[in-house]
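Examining the three-dimensional arrangement
The chain contents come next:
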Amino acid sequence: MTHAADPRPQAPRLPLAESPVIITVAPNGAYKQAADHPAVPLTAEALGREARACLDAGAAMMHMHVRRPDGRHLLDAQAYRDALAAVRKAVGDELLVQVTSEAAGVYRAAEQMAMVRELAPEAVSVGLREIAVPEIPESELAAFLAWLAERRVLTQIILYDEADVRRWQALRQRGLAPAGAWSVLFVLGRYSAGQTSSAHDLLPFLAASDHALPWAVCAFGPEENACVTTAAAFGGHMRVGFENNLKLRDGAIAPDNAALVRQAAEGARALGRPLANAADARRIYGAIA
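These remarks concern the structure in this document. (Residues numbered from 1 in each chain as written. Predicted model: local features only at pLDDT ≥ 70, side-chain atom pairs only at ≥ 80, totals over all residues. Heavy atoms only, no water.)

1. Overview of the nonpolar core
Nonpolar side chains tend to gather and get buried jointly when the protein is soluble and globular. Which entries qualify depends on this criterion: Buried Ala, Val, Leu, Ile, Met, Phe, Trp, Tyr and Cys residues that are joined via side-chain atoms within 4.5 Å together make up what is termed a nonpolar core. Partly exposed describes any residue whose relative accessible area lies between the buried limit of under 20% and the exposed limit of over 50%, with all areas from a 1.4 Å probe on protein chains only and scaled to the type maximum. The numbering of helices and of strands both runs from the N terminus, where a helix is a DSSP run of H or I of at least 4 residues and a strand a run of E of at least 2. Every residue pair with non-hydrogen atoms within 4.5 Å of one another is taken to be in contact.
Counting residues in hydrophobic clusters, the biggest one holds 84 residues, and the most contacted among them are Met64, Leu148, Trp168, Trp182, Phe186 and Leu202. Top element by residues in this core is helix 2 (residues 77–91). It accounts for eight residues. Among residues more than four places away in sequence, those in contact with Phe186 are Leu159, Val165, Leu202, Phe205, Leu206, Ser209, Trp215, Ala216, Val217 and Cys218. Within the second largest apolar cluster, 17 residues are counted, among which are Met61, Val187, Ala216 and Ile284.

Structure, rendered in structure tokens:
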């Protein structure tokens with residue numbers, strides 16, 4: 001029996017030794033506080049210091065959250081500008097900085113999209129479940145996605161399960177997300193018991209994906225390193241940090257985000273993958289797709 005070739009577009013698959021892996025550090029997230037770990041960066045100045053340490057450890061990219069003075073989650077263009085300036089002062093353009101548009105139970109989709117438009121960042125993450133909601137007409141969603149594509153904002157779409165993967169691909173196939181600088185993030189274990197992840201959680205994402213876009217993985221709990229190293233073995237990219245996990249692979253509490261980045265870098269090197277720098281990350285995530 002013969003099978004028809006898969007008609008879905010697929011990104012070229014380079015040998016691992018020719019495919020730089022992007023390590024992204026997610027140093028704080030929307031919820032972690034100093035009580036959770038004293039090294040969680042909560043201010044612009046702390047994010048600048050973290051950028052330097054994580055760049056030196058092997059990161060090419062930072063996934064950035066900003067906070068209110070009391071530490072609560074914040075979406076604010078000026079707060080982002082201040083934090084971005086602090087990172088630039090610390091590392092120049094040697095680290096690609098991706099801001100988040102996460103709602104964190106505080107913001108509505110219209111507010112999230114308005115903040116992104118006001119800031120017009122170089123890179124942003126967008127949760128598909130947070131903007132593709134009934135309160136946002138499909139025409140408005142399409143206009144936002146077209147705006148991101150037209151301005152070549154490096155946009156990472158956050159996906160939590162295979163249904164999210166298929167929904168995003170359907171939006172692209174229908175032309176509602178035109179060719180742009182798209183990538184996707186597979187979040188492993190977000191809705192699992194105890195919110196802990198396993199490398200096995202990656203398999204349904206890979207089965208559902210058309211592999212047309214660059215992709216990365218983040219994970220929760222002490223198997224974070226195993227999850228991102230598995231992703232790297234399949235040609236994906238890695239996101240680690242205190243946003244989702246405080247522990248090293250041996251179960252000990254990590255002293256800082258840089259320690260988690262170093263672990264990821266060790267895994268990538270063991271697979272024979274070179275570490276991407278910020279220029280590589282801009283090229284990989286900026287490819288037209």
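Here the narrative resumes, following the displayed structure.
2. Side note on the pattern of salt bridges
Where we set the bar: Each salt bridge in this description consists of a side-chain nitrogen of Lys or Arg and a carboxyl oxygen of Asp or Glu lying within 4 Å of one another.
Going through the model one piece at a time under the given rule, you end up with eleven salt bridges. A salt bridge links Glu243 to Arg239; the nearest nitrogen and oxygen atoms lie 3.6 Å apart. Neither Glu243 nor Arg239 differs from the other in exposure class; each is buried. For the salt bridge of Asp280 with Arg283, the shortest nitrogen-to-oxygen distance reads 3.4 Å. Of the two residues, Asp280 and Arg283 are both situated in helix 10 (residues 278–285); the distance of three residues between them amounts to about one turn of the helix. For Asp280, a relative accessible area of 18% gives the class buried. Connected via shared salt-bridge partners are Arg129, Asp161 and Asp164.

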